[in-house]
Amino acid sequence: MRQTPYYVFDTDEFAKRAAMIRAALDCKGGRRIPLCFSIKANPFLLHRLPEGLDHVEVCSPGELEICIALGVKPESIIYSGVMKEKCDIKRAVSYGAGILTCESIRHAALISEVMLECMSEGAQEAGLVEKKAQVILRLTSGNQFGMSLEDIEYIISHPDEFKGIAVMGIHYYSGTQKSLRKINKDLEKIKSALTMLKDKYSFEPQLVEYGPGLCVEYFEDDWQEKEKQSLDEAAEVLREFAVEYPLGIEMGRFLAASCGKYYTQVKDLKSTGDANYAILDGGIHHLNYFGQRMAMQVPPIRVYGGEVSENEERTEEELTQLPDTDYTLCGSLCTVADVLVREVKLKKLELGDVLEFGHCGAYSVTEAPALFLSRQLPAVYAYSKEYGYECLRKHIPAAEINLAGKKL
C-alpha cells in the first residue's frame, strides 16, 4: 500500500494525448505544426516525454535546472518568462536553449548583451562565437506579459542596437479555457501585426508561436467527446493559419490534465445536522481545478478499490453494491476554505477508504498552496504499462521548508 496523499501521472495517457493533438494538427501535404509542452503545467511529465512533442517551454530558472538535470535536449527548449535576469539568460545560453523569448525591450538588450560578451570573450570552447540567439518577440494580449506592437517594431527596426539576437518570429498567448471565437480573434490580431511588420519592415517570421488555450472539461461526464470536439474545431482554423504562416502550437493544461490522478485517504467521518463530512489527509493545498467555485462543481471522483486501500476486503464489485450517500469532502487544513467538494454522492465510506480524484495532471502538483499549515508534500509517481509505478518524489515534510534557521 502506498502512503497517501500522492499523485500518479500516467505517461501512456500523456503520450496518447500528444498523439491525438498531433494528428489533429498535421496539415495536408505532410506539413508538421511544431507542438510545444509548457512544463509549468507539470514538470514531472518531463520524466518521459512523448515523441509527438517538438519543444518544451521553460518559464523560470528553476524549470531550466529541472530540464538540465533530466537531460532534456537543449535545442528543444523555448526559454520564456516575464522576468529574466542576465544570469538566467547566461545559464540558458550556456546550456544551448534553442529559442529565447523577449517580453520587453530590456529582454532583447540583455540577451544581445550576453551573446556579444560570449563572442568578445573568446568563447570558442562553448561554440558560441559569432552565433546570434534565436529569439521570438512576445506580443502582449493586454496584461503584464509581452510587449506592445510599437516595442516589437522598435526591436525589429533597430538591429544595430541588438546585434546579438536574430528575431525569428513572434509569440502570442491570451489565456486558458478559450472558445473558438476567442481563438479566431487571437489569430486575426496576429495576422494584423504580421501584415504590418511585413509592409513596413519586410519582416517574415520563421515561427509564430501561439497558445490556443483549449478548454479542459473538468466537471463533465462526457469530457472526452467535448474536448475532442473543441480540438477538432480549433485545429481546422489553426491548419488554415498554418498555410499562410509558420505556426507553432504550445499547450500545457490541455496536454496534461487528463493524465493525472490524486489519491487521498478518509481519516475521519462525522455528521452535523444534514451534512455528512469526510475528513481526508489531503486537501485544497494539493488539488486545484480551474473554474471550481465554492467547491460546488464535482470533478471525477471515485472510491478506489485498488491496491492502496487499507480496506482490502472492499473490492470494486462490493463497492458498487453499497448505497449512495451524500458527502462533503474536506481536507486536513484548519480553515473553512478546505472543502474539495461541497456535495457528492459516493458509496458509503469507511475509515481508511481511498478516494481517487481524476483530471489533475495539470497545475495541481505545482500551483496549489502546498506549504500552507506545514502539511507534508504528497509523493509523486509516474505510471506506464511498460515500467509500472515509478516513484519520482517521496513525501516531503513541509515543516522543514517553513522552519526558520533550524533543521528538524
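Residues numbered from 1 in each chain as written. Predicted model: local features only at pLDDT ≥ 70, side-chain atom pairs only at ≥ 80, totals over all residues. Heavy atoms only, no water.

1. Quick word on a nonpolar patch on the surface
Counted only if it meets this: Residues with no salt bridge and a relative accessible area higher than 30% make up the patches, which join like charges within 9 Å and nonpolar side chains (Val, Leu, Ile, Met, Phe, Trp, Tyr) within 5 Å. Under the convention used here, a 1.4 Å probe and the Shrake-Rupley method define accessible areas, while residue burial counts only the protein chains that appear. Salt bridges are identified by distance alone: a Lys or Arg side-chain nitrogen within 4 Å of an Asp or Glu carboxyl oxygen. A run of H or I in DSSP becomes a helix once it reaches four residues, and a run of E becomes a strand once it reaches two; helices and strands are each numbered from the N terminus. Only protein chains enter the calculation, and the probe is 1.4 Å; a residue is then buried if its accessible area is under 20% of its type maximum, exposed if over 50%, and partly exposed in between.
Together, V82, M83 and F145 give the surface a local cluster of nonpolar side chains, amounting to about 260 Å² of exposed area. The topology assignment puts F145 in the loop between strand 6 (133–138) and helix 5 (149–157). Judged by relative accessible area, F145 falls into the partly exposed class, the value being 30%.

2. Here's the deal with the domain arrangement of the protein chain
Inclusion rule: Residue ranges for the domains originate in an automatic or database domain assignment. We call two residues contacting when some pair of their heavy atoms lies within 4.5 Å. Buried surface area refers to the total accessible area, computed with a probe of radius 1.4 Å, that the two partners give up upon joining, counted for both partners together.
Per the domain assignment, the segments making up the protein chain are domain 1 (11–258) and domain 2 (260–403). A C-alpha centroid distance of 34 Å is found between domain 1 and domain 2. Between domain 1 and domain 2, the contact holds 22 residues from the first and 25 residues from the second. Overall, the association of domain 1 and domain 2 removes approximately 2000 Å² of surface from exposure, summing both partners, and the carbon and sulfur fraction of that is 61%. The largest per-residue losses of area from domain 1 upon contact with domain 2 belong to F44, Y218 and F219, which jointly make up 36% of the total buried on that side. Linking domain 1 with domain 2 are one salt bridge. Measuring nitrogen to oxygen at the nearest pair gives 2.9 Å for the salt bridge that ties R48 to E390.

3. What to know about helix 4 (residues 105–120)
What counts here: The span one expects for a helix is its residue count, reduced by one, times 1.5 Å.
Between the first and last C-alpha of helix 4 there are 22 Å, a value that for 16 residues agrees with the 22 Å anticipated at 1.5 Å per step. Listing the buried residues of helix 4 in full gives H107, A108, L110, I111, S112, V114, M115 and C118. Summarising the contacts, the buried residues of helix 4 are in contact with helix 3 (86–95), strand 5 (99–102), strand 6, helix 5 and strand 7 (165–173).

4. Quick word on the state of the cysteines
The cut-off we apply is this: We call a pair of cysteine sulfur atoms a disulfide when they lie within 2.5 Å.
Using the criterion set out here, one finds zero disulfides in the structure. Looking at the unpaired C36, the closest cysteine sulfur is the one in C59, lying at 8.6 Å. According to the relative accessible area criterion, C36 is buried, its value standing at 0%. Free cysteine: C215, not disulfide-bonded; nearest cysteine sulfur from C259 at 18 Å.

5. Quick notes on the side chain of E13
Using the following cut-off: Residues counted as positive are Lys and Arg, residues counted as negative are Asp and Glu, and His and the chain ends are not counted.
Examined against the element boundaries, E13 turns out to sit in helix 1 (residues 11–25). No salt bridge forms around the buried E13; measuring N to O, its nearest opposite-charge neighbour K16 is 4.6 Å away. Residue contacts for E13: discarding those within four places in its chain leaves S258 and C259.

6. Side note on helix 5
To be explicit about the condition: Read the arc as the range of directions from the helix axis to the C-beta atoms.
Taken together, the buried positions of helix 5 are occupied by I152, E153, I155 and I156. For helix 5, the angular spread of buried residues about the axis comes to 165°, placing them on one side. Looking at the packing, one finds that the buried side of helix 5 touches helix 4, strand 6, strand 7 and helix 6 (180–201).

7. What to know about the sheet that holds strand 5
Going by this rule: Being paired, for any two strands, means DSSP has found at least two bridges between them. Axes, fitted as lines to C-alpha atoms, cover a helix only where it is in contact. Angles between the N-to-C directions of the axes lie from 0 to 180 degrees.
Read around the closed barrel, eight strands run 2-3-4-5-6-7-8-9, paired in parallel fashion. Direction aside, neighbouring strands of the sheet carry axes that sit 30° apart on average. Of the strands in this sheet, strand 5, strand 6 and strand 7 are in contact with helix 4, which crosses strand 5 at around 145°.

8. Here we look at the packing of helix 6 against helix 7 (residues 223–244)
Here is the rule: Convention used here: angles under 35 degrees read as roughly parallel, angles over 145 as roughly antiparallel, angles from 65 to 115 as roughly perpendicular, and any remaining angle as oblique. The classification used treats Ala, Val, Leu, Ile, Met, Phe, Trp, Tyr, Cys and Pro as nonpolar, Asp, Glu, Lys and Arg as charged, and all other residues, Gly among them, as polar.
Closest axis-to-axis distance for the helix 6/helix 7 pair is 10 Å, and the angle between their directions is 10°. Comparing their axes, helix 7 and helix 6 come out roughly parallel. Residue-level inspection shows L180, I183, N184, L187, I190 and K191 of helix 6 in contact with helix 7, the latter providing E233, A234, V237, L238, F241 and E244. Split into classes, the residues belonging to the contact of helix 6 with helix 7 amount to eight nonpolar, one polar and three charged.

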